Amino acid sequence: MLMYKNKRAQTAETMTWVVATIIIIVLLIAFIYISSLIAGAKGIERFAKSIKINDKTVSVDWVEEKSEIALDKNNQNENQVRNWVKT
Amino acid sequence: MILNMRAKKGTDMMLSMYWFFILFLVTAAVVYMVGLFYGHPYDVRELEADILANSVVDCIIRNGELNSNIISGGIFNENFDSVFLEVCNFNFDSEDSFQGEIQYYGKVDIYSGIGVQNPDFEMKFGNLNIASACVIDSGKDFEALAKCSKKRVYATSSGEQYFVEVTTAVKKGEKNVNV
């Protein structure tokens, strides 16, 4: 009877370790997968196209500024021109 | 009693071996994760294409006016592409690792009005084989091919309105994506 109980305890302990090992391995695989996803998504932030000055958003995109300078010289169909530049 | 102590010693040894195995497993996984993260290259081609497009725009439009090398007296200089690299100070010589293959492509279209189908002036430069990437530009298969940038700028020349569209592409897939 004592031996039978001892064997049951041993089996339970072994099962605990087996389950613990499986959990550790699954967690490691999950972490590796997540880090590969993050590695694939990493990138360099692009430079700002606008900045906020006194709660007003001001464009700092100098390509857009070139259009603004040209509009100062000829502003015929201004709205259409602005829309075309932005699309 | 001696038998019991021996059994306990054996169990302890097994347990410490198990912990060493787990420790090794976790360390190996951490090293692999760090390698995976830092081994993955940064894809800067889109930024590079943007910078190239900005430089092209800066060269062909100054103070809101089209460069006099492109248009003079309302007439476009069709031979501008032959002097383009010199006028704009561009050098598309590729590094040795690309075996001389040019890694850049660019196109400049100038329209005389909005909604005009055919450009009044068109110029292409660099590696024309990359151009298809800017049309397709979707799907993972084309990611390795090239990244594109498109800029639209309004300009004038002798009081006339012109609409400039600059498209640029950078290949360099080998250095920016894991293929």
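As the structure is a computational prediction, the values presented were derived from the model and not from experiment. (Residues numbered from 1 in each chain as written. Chains lettered and ligands numbered in written order. Predicted model: local features only at pLDDT ≥ 70, side-chain atom pairs only at ≥ 80, totals over all residues.)

Q: Teacher, can you tell me more about the overall build of chain A here?
A: Looking only at helices and strands, chain A has three helices and two strands in total. Each helix and strand of chain A, ordered N terminal to C terminal, gives the series α-β-β-α-α. Evaluated residue by residue, chain A yields a buried proportion of 6% over its 87 residues. (Helix = DSSP H or I, 4+ residues; strand = E, 2+ residues; numbered from the N terminus. Buried ≥ 20, exposed ≤ 12 C-beta atoms within 10 Å, placed from the backbone.)

Q: Before we go on, may I ask you to explain the overall build of chain B in this structure?
A: Per the secondary structure count, chain B includes five helices and eight strands. Scanning chain B from its N terminus toward the C terminus, one meets helices and strands in the order α-α-β-β-β-β-α-β-β-α-β-β-α. Per-residue burial for chain B yields a buried fraction of 30% across its 179 residues. Across chain B, contacts joining residues at least 24 apart in sequence account for 64% of those joining residues at least 6 apart. (Contact = placed C-beta atoms within 7 Å.)

Q: Got a minute to help me understand the pairing of strand E8 (residues 160-170) of chain B in this structure?
A: Two faces make up the sheet, and in a regular strand the side chains alternate between them. Residues and elements named next belong to chain B. The buried count for E8 comes to nine of 11 residues, which makes it a mostly enclosed element. Bridge analysis of strand E5 (residues 104-111) against E8 gives eight bridges, and the strand direction is antiparallel. Its bridge partner being in E8, Val 108 is matched across the sheet by Val 166. Bridge analysis of strand E7 (residues 147-157) against E8 gives 11 bridges, and the strand direction is antiparallel. (Pairing = 2+ DSSP bridges.)

Q: Would you take a moment to explain the domain arrangement of chain B for this structure?
A: You'll often see interface size given as the accessible area lost when the parts meet. Split into domains, chain B comes out as domain 1 (1-40) and domain 2 (45-176). Each of domain 1 of chain B and domain 2 of chain B has a C-alpha centre, and the two are 59 Å apart. (Domains from an automatic or database assignment.)

Q: Can you walk me through the environment of Asp58(B) in this structure?
A: Relative to the helices and strands, Asp58(B) is located in helix H2 (residues 45-60). When the C-alpha positions of Asp58(B) and Asn127(B) are compared, they lie 21 Å apart, and in sequence the two are 69 residues distant.

Q: Would you take a moment to explain unusual backbone geometry for this structure?
A: Residues apart from glycine generally show negative phi values, whereas peptide bonds are mostly found in trans. Even without glycine at this site, Asn77(A) takes up a positive phi of about 50 degrees. Residue position: Asn77(A) is located in the loop between helix H2 (62-73) and helix H3 (78-86).

Q: Would you mind showing me how to read the interface of chain B and chain A here?
A: Counting from both sides, the interface comprises 29 residues of chain B and, opposite them, 28 residues of chain A. Counting residues per element, the side of chain B that touches chain A draws most heavily on helix H1 (residues 2-39) of chain B, which supplies nine residues.

Q: Looking at this structure, I do not really get the confidence of the model for chain A. What am I missing?
A: Should the pLDDT be low somewhere, the predicted coordinates at that spot are not to be read in detail. Per-residue pLDDT for chain A averages 83, and the proportion of residues at 70 or more is 87%. Element-level pLDDT for chain A is lowest in strand E2 (residues 56-59) of chain A, with a mean of 72, against a maximum mean of 90 in H3(A). (pLDDT = per-residue confidence, 0-100.)

Q: What exactly am I supposed to notice about the nonpolar core here?
A: In a soluble, globular protein the nonpolar side chains are often hidden away together inside. Residues Ile60(B), Ala155(B), Val164(B) and Ala169(B) are the most contacted members of the largest nonpolar core, which totals 35 residues. Listed by contribution, the elements that provide at least two residues to this core are H3 of chain A together with H2, E5, helix H4 (131-136), E7 and E8 of chain B. With near-sequence residues (within four places) excluded, Ile60(B) lies in contact with Leu66(B), Asn67(B), Ile70(B), Val108(B) and Val164(B). (Core = buried A, V, L, I, M, F, W, Y, C linked by C-beta atoms within 7 Å.)

Q: Just to check I follow, could you spell out H2(A) for this structure?
A: In an α-helix, one full turn covers 3.6 residues, which means residues spaced three or four apart are oriented alike. Between its first and last C-alpha, H2(A) extends 17 Å over 12 residues, near the 16 Å set by a 1.5 Å rise per residue. Taken together, the buried positions of H2(A) are occupied by Lys66(A), Ser67(A) and Ala70(A). Seen along its axis, H2(A) keeps its buried residues to an arc of 95 degrees; they face one direction. Residues of H2(A) that are buried make contact with H3 of chain A together with H2, strand E1 (61-62) and E7 of chain B. (Expected span 1.5 Å × (residues − 1). Arc of directions from axis to C-beta.)

Q: Explanation requested: the environment of Cys88(B) in the structure shown.
A: Residues and elements named next belong to chain B. Counting through the fold element by element, Cys 88 comes out in helix H3 (residues 80-88). In this structure Cys 88 comes out as partly exposed when scored by C-beta crowding, with 16 C-beta atoms within 10 Å. Taking the C-alpha atoms as reference points, Cys 88 and Gln 99, 11 residues apart in sequence, are found 25 Å from one another. With sequence-adjacent residues up to four places away left out, Cys 88 is seen in contact with Val 56 and Cys 59.

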